[in-house]
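Fold and contact review
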Amino acid sequence: MVIAKRGLILGATALMLTGVTVIGAGIHLSSQASLNNNDPKELIDQVWQIIDKTYVDGTFNQVDWKATRTEYLDQTYTTDEEAYDAIREMLEKLGDPYTRFMDPEEFKNMQIDTSGELTGVGIQLTQDQDTKKLVVISPIEDTPAFEAGILAKDIISKIDGQSTEGMDINQAVSLIRGPIGSQVTLTIKREGQEIDFPITRAKIEIHPVKYSQKDSSLGKVGYIRLNQFSANAAGEMREAIDELETQNVSGYILDLRSNPGGLLYASVEIARMWLERGDIVSTVNRSGVTDRQKATNRSLTDKPLVIMVDGGSASASEILSGALQDNQRATLVGTKTFGKGLVQSVRGVGKGAGLAVTIAKYFTPSGRDINHEGIKPDVEISLTDEQKEALRKSRDKIGTLDDPQYAKALEILNQEIAKLQNNKAQSTTK
């Protein structure tokens, strides 16, 4: 298994971005043969075979997987929709919200190019494995959901008044998706209260990287905000670092807050821009086969780096921050990350349908399995609800001294710059 392939994605981005997904042009469709006849059982068996060969858990969640095949192939199906329902029911036995079946319309939406315009409200969902509740991983910045005030960890309890009890992600996406300019009302459960958020659907143009030069007491620093690991994230990150290097910044703050993840290869490529040598990530499939990605001695800068993270930093964000933390290349500031340590592959099945399958777990260079556990920052600083709301309403304050987490990150970065400058001065006088 080669994890750098564009077809491999991380847990958080195997989920629907309510109207689209964040996978886009980087998606890899395996060369599965299309079904040439109208027997729905062939599609069911095709999905069963893929799970049987590639699913990360060889016990199949303690389910007799061979008996499951017999159970579903012994039934009669008269339409494709009946087969689709049977497949979803079969996959539920795995207890894995990231292994999921997509009908042709859902799969078509999954293939939207993230470098272009997206249509939707801009939130990314997961389904809690224990409670089955629909949980917001993160709203994407500059989208209707973000502007409305949706937050990471919010629970969606109703969609246009319809309860989400027992609803899976595909059903939720179908209800939230709709024409541009139309409105959907999400009822959010937050800290025991339910709040209605009317949101107008829109086209969303996403550029994953924003950067600027900032002043500090020890000179200029580079501030880079990475919103998601899409197909063009690595290219935009390279441009940002190259430009800031020409401005002779003394160090960097990399903001990964509320970054829900994305393509695995993008996180590896970006890690190599900051890390000269050392391991980045290892993935382990159900056979125990490990694939390890390393730095390639081609880092773009060795200047001090502080990374900002929070509970909305998931999957690819955790690979990048975990790799740089374990290699002592960066100091992490903020709050504990989301905890998403799974890798999915996505492929076409049947007559235009799709299947996302969890095929591996990933580990940081020190061997940490962060699934459900998250990554703890080196310096912890939380934002109050009032501070979060103030930053949401005044976006221009994000990444300034009015942003308490940024202020702490800048303080830590200045300490690192001062230490480096002092060491250089001592070396010069000797």
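Residues numbered from 1 in each chain as written. Predicted model: local features only at pLDDT ≥ 70, side-chain atom pairs only at ≥ 80, totals over all residues. Heavy atoms only, no water.

**Concerning the side chain of Ser321**
If you trace the backbone, Ser321 turns up in helix α9 (residues 316-326). Taking the relative accessible area as the measure of exposure, Ser321 reaches 0% and is therefore buried. One polar contact links the side chain of Ser321 to the main-chain carbonyl oxygen of Ser317, over a distance of 2.8 Å. In contact with Ser321, other than residues within four places in its own chain, are Leu256, Ile307, Val309, Leu332 and Ile375. (Helix = DSSP H or I, 4+ residues; strand = E, 2+ residues; numbered from the N terminus. Buried < 20%, exposed > 50% of the residue type's maximum accessible area, 1.4 Å probe, protein only. Polar contact = N/O pair within 3.5 Å; in protein donor to acceptor, adjacent residues only side chain to side chain. Contact = heavy atoms within 4.5 Å.)

**Structural notes on unusual backbone geometry**
Although it is not a glycine, Glu191 sits at a positive phi angle of roughly 55 degrees. Structurally, Glu191 is set in the loop between β8 (183-190) and β9 (193-200). Since its relative accessible area comes to 69%, Glu191 is described here as exposed. One non-glycine residue with positive phi stands out, namely Gln328, at about 55 degrees. When you line up the elements, Gln328 lands in the loop between α9 and β17 (331-334).

**Things to note about the packing of aromatic side chains**
This structure, assessed with the given rule, holds 6 aromatic pairs. Summarising the aromatic geometry, the rings of Phe60 and Trp65 are spaced 5.4 Å apart at their centres and angled 10 degrees between planes, so their arrangement reads as stacked. Assessed through its relative accessible area of 8%, Phe60 is described here as buried. Judged by centre distance (5.1 Å) and plane angle (40 degrees), the ring pair of Tyr84 and Phe101 falls under tilted. (Phe/Tyr/Trp six-rings, centres within 6.5 Å; stacked < 30°, edge-to-face > 60°.)

**Some remarks on the pairing of strand β16 (residues 305-309)**
Where burial is concerned, most of β16 is hidden: 5 out of the 5 residues are buried. Side chains Leu305, Ile307 and Val309 project from β16 onto one buried face, and the interleaved Val306 and Met308 project onto a second face that is buried too. With 4 bridges joining them, β16 and β17 adopt parallel strand pairing. Pairing of Val309 across the sheet is with Gly334, part of β17. Assessed by its sense of winding, the connection that carries the chain from β16 through α9 to β17 is right-handed. (Pairing = 2+ DSSP bridges. Right-handed = clockwise from strand over helix to strand, strands pointing away.)

**Brief notes about helix α6 (residues 169-176)**
Residues that lie three or four places apart on an α-helix share one face, since the helix turns once every 3.6 residues. Turning to α6, its buried residues are Ile169, Asn170, Ala172, Val173 and Ile176. For α6, the angular spread of buried residues about the axis comes to 160 degrees, placing them on one side. Two or three places before Gln171, at the start of α6, stands the capping residue Asp168, its side-chain oxygen 2.8 Å from that residue's backbone nitrogen. (Arc of directions from axis to C-beta.)

**Notes on the environment of Thr126**
Summarising the element assignment, Thr126 is placed in strand β4 (residues 123-127). The exposure class assigned to Thr126 is buried, which follows from its relative accessible area of 5%. In the structure, Thr126 is positioned 43 residues away from Ile169 in sequence and 7.3 Å away in space, judged by C-alpha atoms. For Thr126, the side chain forms a polar contact with the side chain of Tyr98, separated by 2.9 Å.

**Digging into the sheet that holds strand β13 (residues 252-255)**
The mixed open sheet is built from 6 strands, whose spatial order is β11-β12-β13-β16-β17-β20. Since the sheet does not close on itself, it has two edges, and those belong to β11 (209-216) and β20 (379-380), each with one partner. Along the sheet face, helix α7 (residues 233-246) touches β11, β12 (219-226) and β13 and points at about 25 degrees away from the line of β11. (Axes fitted to C-alpha atoms, helices over the stretch in contact; angles between N-to-C directions.)

**A look at the layout of surface pockets**
Empty space within the largest pocket amounts to approximately 690 Å³. What lines the largest pocket is a set of 28 residues, and nearest its centre among them are Leu151, Ala152, Ser258, Asp310 and Lys388. For the lining of the largest pocket, the secondary structure elements donating two or more residues are β8 and α10 (385-393). Examining the composition of the lining of the largest pocket, we find that 4 residues originate from one element, α10, more than from any other. The class makeup of the residues in the lining of the largest pocket is 9 nonpolar, 6 polar and 13 charged. Surrounding the second largest pocket, 20 residues form its lining, Arg88, Glu92, Gln127, Asp168 and Ile169 being those nearest its centre. At the level of secondary structure, the elements contributing two or more residues to the lining of the second largest pocket comprise α3 (80-92), β2 (100-102) and α6. At 4 residues, the largest contribution of residues to the lining of the second largest pocket is made by α6. Looking at the lining of the second largest pocket, its residues break down into 5 nonpolar, 7 polar and 8 charged. (1 Å grid on protein atoms, 1.4 Å probe; cavity = no way out; pocket = protein on both sides within 12 Å on 5 of 7 lines; lining within 4 Å. Points joined across faces, edges and corners; volume = space filled by probe spheres on them. Nonpolar A, V, L, I, M, F, W, Y, C, P; charged D, E, K, R; others polar.)

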